[in-house]
Amino acid sequence: MAKPKLANKSAAAPAEIYHLLLSCPNRPGIIARVASHIFESGFNIADSRQFDEEDTDQFFMRVEFNPVREDADIEAWKASFCELAEEYDMTWKVRGQSQRAKVLILVSKFDHCLADLLYRWRIGELPIDLVGIASNYPRETFPHLDFTGAPFHYLPVTRETKMEQEAQIWALTQQSGAELVVLARYMQILSDGLAAKLSGKCINIHHSFLPGFKGAKPYHQAHARGVKVIGASAHYVTSELDEGPIIEQDVERISHHHRPEDLVSKGRDIERRVLARAVRLHVENRVVINGRKTIVFTE
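Please read all numbers here as calculations on a predicted model, not as lab measurements.

Any chance you could explain the sheet that holds strand 4 (residues 91-96) here in plain terms?
Strand pairing within a sheet occurs via backbone hydrogen bonds; the two strands may be parallel or antiparallel. In space, the 4 strands of this open sheet follow the order 2-3-1-4, with antiparallel pairing throughout. If you trace the sheet from one side to the other, it starts and ends with strand 2 (43-53) and strand 4, each paired once. This sheet shows a mean twist of 10° between the axes of neighbouring strands, independent of strand direction.

I'm lost on a negative patch on the surface in this one. Help?
Side chains of Asp52, Glu54, Asp55 and Asp57 sit close together on the surface and give a patch of like negative charge. Within the element layout of this structure, Asp57 appears in the loop between strand 2 and strand 3 (58-67). For Asp57, a relative accessible area of 45% gives the class partly exposed.

Explain the nonpolar core here, please?
Nonpolar side chains in soluble globular proteins generally cluster together in the buried interior. Formed by 41 residues in total, the largest nonpolar core has its most connected members in Leu114 and Leu275. Within the residue set of this core, elements represented by two or more residues are strand 5 (101-107), helix 3 (112-122), strand 6 (128-135), strand 8 (180-183), strand 9 (202-206), helix 6 (218-225), strand 10 (229-236) and helix 7 (260-283). In terms of residues, this core owes the most to one element, helix 7, which gives 9 residues. In contact with Leu114, not counting residues within four places along its chain, are Ile105, Val107, Ile133, Phe142, Leu145, Phe147 and Ala184. If you look at the next biggest cluster of nonpolar residues, it comprises 21 residues, including Leu22, Ile30, Ile38 and Trp77.

How should I be thinking about the pattern of salt bridges in this particular structure?
One side chain can pair with another of opposite charge once the charged atoms of both are near each other. In the structure shown here, the tally under the stated rule is 24 salt bridges. Glu87 is paired through a salt bridge with Arg33; the nearest N and O atoms lie 3.1 Å apart. Taken together, the positions of Glu87 in helix 2 (residues 74-87) and Arg33 in helix 1 (residues 30-40) put the pair 54 residues apart, joining distant regions of the chain. Overall, Glu87 belongs to the partly exposed group, its relative accessible area being 40%. Residue Arg273 pairs with Asp269 through a salt bridge whose shortest N-O separation is 2.7 Å. Taken together, the residues Arg273 and Asp269, both in helix 7 and 4 residues apart, mark about one turn of the helix. Each of the salt bridges in this network shares a partner with another, and the network as a whole consists of Glu248, Asp250, Glu252, Lys266, Asp269, Arg272, Arg273 and Arg277.

Looking at this model, I keep getting lost on the domain arrangement of the chain. Mind explaining?
How big an interface is tends to be expressed through the accessible area that disappears when the partners come together. According to the domain assignment, the chain contains domain 1 (18-96) and domain 2 (101-296). Listed as interface residues are 12 residues of domain 1 and, on the opposing side, 11 residues of domain 2. Interface of domain 1 and domain 2: buried area, both sides summed, is about 1,000 Å²; carbon and sulfur atoms make up 46% of it. For the pair domain 1 and domain 2, the number of links is 3 salt bridges. Notably, a salt bridge pairs Lys293 with Glu53, separated by 2.8 Å at the nearest N-O pair. Of all the elements in the fold, those that place two or more residues in the side of domain 1 that touches domain 2 are strand 1 (18-25), strand 2, strand 3 and strand 4.

I tried to follow the packing of helix 6 against helix 7 on my own but got confused; where do I start?
The description of two helices packed together rests on the angle between their axes and the distance between the axes. Axis separation between helix 6 and helix 7 bottoms out at 9 Å; the angle between their running directions is 125°. Considering their axes alone, helix 6 and helix 7 lie oblique with respect to each other. Handedness of the helix 6/helix 7 crossing: right-handed. Every residue of helix 7 that contacts helix 6 at Tyr219, His220, Ala222 and His223 is listed here: Pro260, Leu263, Val264, Gly267 and Glu271. For the contact of helix 6 with helix 7, the residue count by class is 5 nonpolar, 3 polar and 1 charged.

Reading the values: the criteria
- Residues numbered from 1 in each chain as written.
- Predicted model: local features only at pLDDT ≥ 70, side-chain atom pairs only at ≥ 80, totals over all residues.
- Heavy atoms only, no water.
- Pairing = 2+ DSSP bridges.
- Helix = DSSP H or I, 4+ residues; strand = E, 2+ residues; numbered from the N terminus.
- Axes fitted to C-alpha atoms, helices over the stretch in contact; angles between N-to-C directions.
- Patch = residues over 30% accessible without salt bridge, like charges linked within 9 Å, V, L, I, M, F, W, Y side chains within 5 Å.
- Areas by Shrake-Rupley, 256 points an atom, 1.4 Å probe, with all protein chains shown as cover.
- Salt bridge = Lys/Arg side-chain N within 4 Å of Asp/Glu carboxyl O.
- Lys, Arg positive; Asp, Glu negative; His and termini not counted.
- Charge placed at Lys NZ, Arg CZ, Asp CG, Glu CD.
- Buried < 20%, exposed > 50% of the residue type's maximum accessible area, 1.4 Å probe, protein only.
- Core = buried A, V, L, I, M, F, W, Y, C linked by side-chain atoms within 4.5 Å.
- Contact = heavy atoms within 4.5 Å.
- Domains from an automatic or database assignment.
- Buried area = accessible area lost by both parts, 1.4 Å probe.
- Parallel < 35°, antiparallel > 145°, perpendicular 65-115°, else oblique.
- Left-handed = near helix turned anticlockwise from the far one by under 90°.
- Nonpolar A, V, L, I, M, F, W, Y, C, P; charged D, E, K, R; others polar.

Following this line, the structure appears as structure tokens:
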């Protein structure tokens, strides 16, 4: 029997890298079985991270692997991996590094997060395909932003038309094939129904770390309370307002010298970078939702 040939590393097109993300009840031998399956299918592991959560006795793992034999086939690998996944009761997904996630951005009047995401997308820092931008404000609200061909959808909303407008958002999500919806300071609360439809596929940026200030002018409230740090939290959207599993957070120190407008300025910067990091972690297959929290495999 002839030995399988090694993949030609000098070929013009580099070998695809795949990202496997999985979770399952913890038991001995999972790492060995996964690694063996990858190797025996003609692939090589480039990076592997794992975590045992003792409180829930759950196991989490992220593996980067690439083909090293000419007979290595990812579709055949997926089919055979299903048997192993069933044996260990795994929840899993695998994605090629070159497979860019389709993303829909929702935004209201404040555009700092949108501008940042557009820039990172345009220079290739965010590996996404921007399939659309939707806003409850008209296109004229963002005269200085270059959407670089991304479709813009004006979806006005009132209290009376909220359900109809959300139906438009859902239709747009389906028609565009969006795999992730990003609320880039979209100042509308999603209904329980839409939040459920977007479960695990919708990221929001919240304007505080701790304590949380709800309602209007949160940074003015923070200044009035004399906070010592301000921050932002990016989380998955759930029916519980601002209570979804947290993906990323950051903070900055504040002193009595800072005025409310200073906090607003600093807050914009924190929100931009926290949201961008959360989106990147999600599309790179690094986040596992674990009940009310997340397991995040950072770089």
